[in-house]
Amino acid sequence: MERILVVDDEPMNLKLTKFILENADYEVVTAESGMAGIELLQEIPFDLLLLDIEMPDMDGLEVLRRIRNIPAIAKTKVIFLTASNSQSDLTDAARLHAARFVQKPCLPEVLLRVVREAFEETTASLLLIVDDEPMSRALTKNAFESLFRVECVSSGQEALSFLQESIPDMILMDLYMPGMDGLETFLEIRKLDNCRHLPVIFMTAADDNATELELFQAGAVDFIRKPFIAEIARERVKRILELQRLQNFLHEEVDRRTAQLLDSARKVKRLTKQIIFALAGAIDAKDAYTNGHSSRVAEYSREIARRMGKDEEEIEDIYYAAMLHDVGKIGIPRDIIGKTSQLTEEEFEVIREHTVKGEKILKTISELPRLSIGARWHHERYDGGGYPDGLSGNDIPEIARIICVADCYDAMSSNRCYRKALSQRIVRDEILRGRGTQFDPIFADIMLAMIDEDTRYRMREM
Ligand SMILES: [Fe+2]
């Protein structure tokens with residue numbers, strides 16, 4: 001039975017981890033501090049150490065640093081189990097040869113998988129020697145097998161077959177071989193999906209700078225001339241493997257963080273949408289007669305933007321801006337908004353303020369700077385007769401010109417307390433009449449096309 005030591009300053013974490021691991025038939029010993037952990041490691045042999053990073057007296061990285069300096073326990077296999085997300089911790093953990101770095105809290109199945117994988121990994125790297133000369137093969141094997149696991153094959157073809165079965169950590173490749181030579185074999189290996197980044201060192205007796213350059217350019221990681229000095233060759237291989245290990249570790253980390261970021265971005269997007277919908281609901285609730293107005297105007301505006309060929313991001317901006325175009329109504333007294341009889345000039349003046357009030361509210365959302373544009377200018381007219389600024393033509397921001405058509409269309413095609421939705425023919429005539437005076441002709445034309453396609457008059461308040 002494999003024995004695991006868990007070091008964590010939180011008794012609750014210790015209990016939980018112990019429980020999970022014991023249920024999976026591991027023998028588990030726990031320690032509440034780094035120092036206690038180091039002492040235990042020196043007393044009894046452990047197959048694996050699960051180590052917390054944030055601990056009060058001595059943090060996990062320091063614990064591992066010390067372990068790596070005590071020869072009897074230096075090779076201890078370690079998994080960091082931590083709530084930390086710091087990049088420097090990760091890099092340190094990789095430098096200290098931690099087998100894994102697991103984010104707390106983690107699901108039991110994740111913990112068990114990581115522990116199982118750590119046990120399955122053999123610490124010694126696997127080298128594949130590809131060399132047609134039996135003597136040279138034996139010498140190379142001899143030079144490396146004290147430090148690494150070594151497998152040998154005698155041709156490029158055999159190397160490719162070997163790679164179908166297992167992937168070594170590195171290939172030492174003879175350059176001159178009958179049949180497929182080293183370079184050809186290398187290029188074939190690079191075509192294999194899981195071998196694109198497999199480090200390959202070429203070995204040859206040739207003293208040929210041009211060949212050496214060619215091999216480097218082809219992507220070889222190093223070049224060892226035969227005969228070689230075993231110690232130096234081992235050192236070179238060790239360094240390259242170490243670099244490769246760090247690189248892989250960082251790649252995995254980048255992938256993990258990217259996935260996390262994408263997930264957060266998705267959450268923020270969802271949240272934004274929900275808040276905008278909630279706010280739109282509040283606007284419509286203020287004015288009981290315009291139920292669903294905000295979302296219908298948003299739908300129509302989005303469709304106009306789509307037909308204009310806008311990209312996804314712009315379409316979304318327009319949709320949200322349209323959804324909140326009347327947000328300023330929240331600041332207008334209910335008795336004026338809900339008034340069904342003729343409004344006085346003063347009351348009209350108060351209603352007109354919803355544009356400026358809306359802009360003011362939405363300006364505070366700095367992450368969506370275009371949101372406030374629709375609110376301020378959706379009552380401008382193309383001929384300059386609108387409010388609040390009397391802008392005309394293309395001086396009116398495009399978003400507002402789009403919302404303006406959609407807004408008026410919905411006002412006419414929805415029910416009011418004093419009338420039913422107008423007929424599609426009347427609505428169409430009104431849009432046509434406002435083309436170039438109230439509305440930008442381009443957007444009026446798109447709206448007219450939408451009306452004409454809507455043969456069953458579905459675009460209205462149902
Ligand atoms: Fe409005």
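Note on numbering: residues in each chain are counted from 1, in written sequence order. Given that this is a predicted model, residues contribute local features only at a pLDDT of at least 70 and side-chain atom pairs are listed and counted only at 80 or more, while totals for whole chains, interfaces and linings are drawn from all residues. To get the side-chain values, take all heavy atoms of the structure and skip hydrogens and water.

### Quick word on the sheet that holds strand β5 (residues 100-103)
Strands belonging to one sheet form pairs held by backbone hydrogen bonds; the direction of such a pair is parallel or antiparallel. Strand order in the open sheet formed by five strands is β2-β1-β3-β4-β5, and the pairing between neighbours is parallel. Each having just a single partner strand, β2 (27-31) and β5 make up the two edges of the open sheet. Averaged over all adjacent pairs, the angle separating strand axes in this sheet is 20°, with direction ignored. At least two bridges found by DSSP between two strands is the condition for calling them paired. Numbering goes from the N terminus for both helices and strands, where a helix is a DSSP run of H or I of at least four residues and a strand is a run of E of at least two. As paired elements, strand β1 (residues 3-7) and strand β3 (residues 48-51) share four bridges and run parallel to each other. By the bridge assignment for β3, V7 is matched with L51. Working convention: axes come from line fits to C-alpha atoms, limited for helices to the stretch in contact. Angles between N-to-C directions cover 0 to 180 degrees.

### Regarding the coordination of the iron ion
Counted as donors are N, O and S atoms no farther than 2.8 Å from the metal, or 3.2 Å for Na, K and Ca; water is not among the atoms, and sites may therefore look incomplete. Surrounding the iron ion are the protein donor atoms D326 (OD), H354 (NE2), H378 (NE2) and H379 (NE2), which sit 2.1 to 2.4 Å from the metal. All donor residues of the iron ion come from one chain, and their arrangement in sequence is D-x27-H-x23-H-H. Remark: H378 occurs in the loop between α15 (371-377) and α16 (398-413) and H354 occurs in helix α14 (residues 345-363); sequence separation between them is 24 residues.

### Section: the packing of aromatic side chains
Note on aromatic contacts: the rings of Phe and Tyr and the six-membered ring of Trp form a pair at centre separations within 6.5 Å, being stacked when their planes are under 30 degrees apart, edge-to-face when over 60 apart, and tilted otherwise. Taken as a whole and assessed by the stated rule, the structure comprises six aromatic pairs. Ring geometry for F144 against F148: centres 6.2 Å apart, planes inclined by 45°, an arrangement best described as tilted. A single burial state applies to F144 and to F148, both of which are buried. The interplanar angle of 75° and the centroid separation of 5.6 Å between the aromatic rings of F186 and F202 together place this pair among those described as edge-to-face. The cut-offs for exposure are 20% and 50% of the maximum accessible area for each residue type, with area from a 1.4 Å probe on protein chains only; residues under the lower value are buried, those over the upper are exposed, and the others partly exposed.

### Observations concerning the pairing of strand β9 (residues 200-204)
Burial of β9 is extensive: five of the five residues sit out of reach of the surface. Residues V200, F202 and T204 line one face of β9 and the alternating positions I201 and M203 line the opposite face, and both faces are buried. In terms of strand pairing, strand β8 (residues 170-174) meets β9 through four bridges, oriented parallel. Residue pairing for β9: D174 is matched across the bridge by M203. A crossover gets the label right-handed when its path from the first strand over the helix to the second runs clockwise, viewed with the strands pointing away from the viewer. In this fold, the crossover linking β8 to β9 by way of helix α8 (residues 182-191) has right-handed handedness. Handedness of the crossover joining β9 and strand β10 (residues 222-225) through helix α9 (residues 209-218): right-handed.

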